[in-house]
Amino acid sequence: MTSRSRRAVLLLATAALALGSAAACGTSRVPGAVGSPGSAAGSGGSDGSDGSDGSARTVVNNGHRLVFHVTPGRLPAVVLDAGGGQDSSYWKDLAPALAKDTGAEIITYDRAGLGASEEVAGPWRVDDAVSDLAAVLTAAGATRHVVLASHSEAGEIATYFVRSHPGWVGGAVLIDASLPDFYTDGEIDRVVAANKDEVAALASQPSTPQTRQLLSVAQDYVAMHRAYHQASWPQDLPATVIASARTPFETSPQDAQLWRDAQAAFAHAAPDRDLVVADNSSHDVPLDRPDVVIRSVHAMLARTG
């Protein structure tokens, strides 16, 4: 798969992350697929590389195994949820720095099909991703007043999670996150048209876990994001929006402006929300400006603690 094709399909999946940074760091990007809602059971696991102080743990949700990591600390916990195509290793530098600065418990995890978590067949469903996140938090014993720090595509998971799990989340830091206002019918059509050829080329390639996961996210993109455009964040739940300086759409001024407008509209829709612009940052704000993320999480912990 070429870098151009991977970037195009990741953009279709609202991942749109800097592939050059990933290649330089030796990381892989495989957008996640997820299972169905159901019960969870925790168990021990293998070592991880996300920067946490402890070994990896596992939880089984609807028959598939999810891997997560916990850095011990004070409650409420902070949950770091990476963007599309990224696993818990995305936070390998920021997680220990955040734990040291805040003293809080830090949780990272691999969504299904990413990192060490098991692949699940079928199209990507945000409800299933919400179920998996709930399973991880239940296994970690963090089901009250957690602070979500959600990057890019994980903003969609956060939005649905806070609606379906009231009381679990005390506040959120949405890091250049995919937010509902962006997904107008016109923008959805533009993104799909721009990526049509790349998706077709990807489907013709040999089936691998990576190609299957990419295609699973693209499969129901239109219906999923038309529904997401109608989603809302609870008015009384604090949130800080961190907007990157360059957006995921550095070569498309029209898309970039709509992304900025969506960030601002969300931040200004309720009094208990803030907008922070991470100067000199690409879409990969946690890598380019970890200081901005740490300050925002620290402030949210103070507001919710």
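Residues numbered from 1 in each chain as written. Predicted model: local features only at pLDDT ≥ 70, side-chain atom pairs only at ≥ 80, totals over all residues. Heavy atoms only, no water.

A. The packing of helix H6 (residues 185-203) against helix H7 (residues 209-219), seen in detail. Running from amino to carboxyl end, H6 crosses H7 at an angle of 140 degrees, the nearest separation of the two axes being 10 Å. Here H6 is positioned oblique relative to H7, judged by the angle of their axes. The element H6 and its partner H7 pack so that their crossing is left-handed. Along its contact with H6, which presents Val199, Leu202 and Ala203, the element H7 presents Thr211, Leu214, Leu215 and Ala218. Of the residues assigned to the contact of H6 with H7, the class counts are six nonpolar, one polar and no charged. (Axes fitted to C-alpha atoms, helices over the stretch in contact; angles between N-to-C directions. Helix = DSSP H or I, 4+ residues; strand = E, 2+ residues; numbered from the N terminus. Parallel < 35°, antiparallel > 145°, perpendicular 65-115°, else oblique. Left-handed = near helix turned anticlockwise from the far one by under 90°. Contact = heavy atoms within 4.5 Å. Nonpolar A, V, L, I, M, F, W, Y, C, P; charged D, E, K, R; others polar.)

B. Quick look at the packing of aromatic side chains. Evaluation of the coordinates by the stated rule reveals nine aromatic pairs. Grouped by ring-pair contacts, the aromatic residues Tyr160, Phe182, Tyr183, Tyr228, Phe249 and Trp259 constitute a single cluster. (Phe/Tyr/Trp six-rings, centres within 6.5 Å; stacked < 30°, edge-to-face > 60°.)

C. The arrangement of H6 in detail. A maximum bend of about 50 degrees is found in H6 at Lys196. Residues Glu187, Ile188, Val191, Asn195, Glu198, Val199 and Leu202 constitute the buried set of H6. (Bend = angle between axes of the 7 residues up to and from the residue. Buried < 20%, exposed > 50% of the residue type's maximum accessible area, 1.4 Å probe, protein only.)

D. Expanded view of the pattern of salt bridges. Applying the stated criterion across every chain, the model contains 15 salt bridges. The shortest N-O distance in the salt bridge between Asp291 and Arg295 comes to 3.4 Å. Of the two residues, Asp291 and Arg295 are both situated in helix H11 (residues 290-304); the distance of four residues between them amounts to about one turn of the helix. What makes Asp291 partly exposed here is its relative accessible area of 29%. Among the charged side chains, a network of salt bridges with common partners joins Asp81, Arg111 and Glu153. (Salt bridge = Lys/Arg side-chain N within 4 Å of Asp/Glu carboxyl O.)

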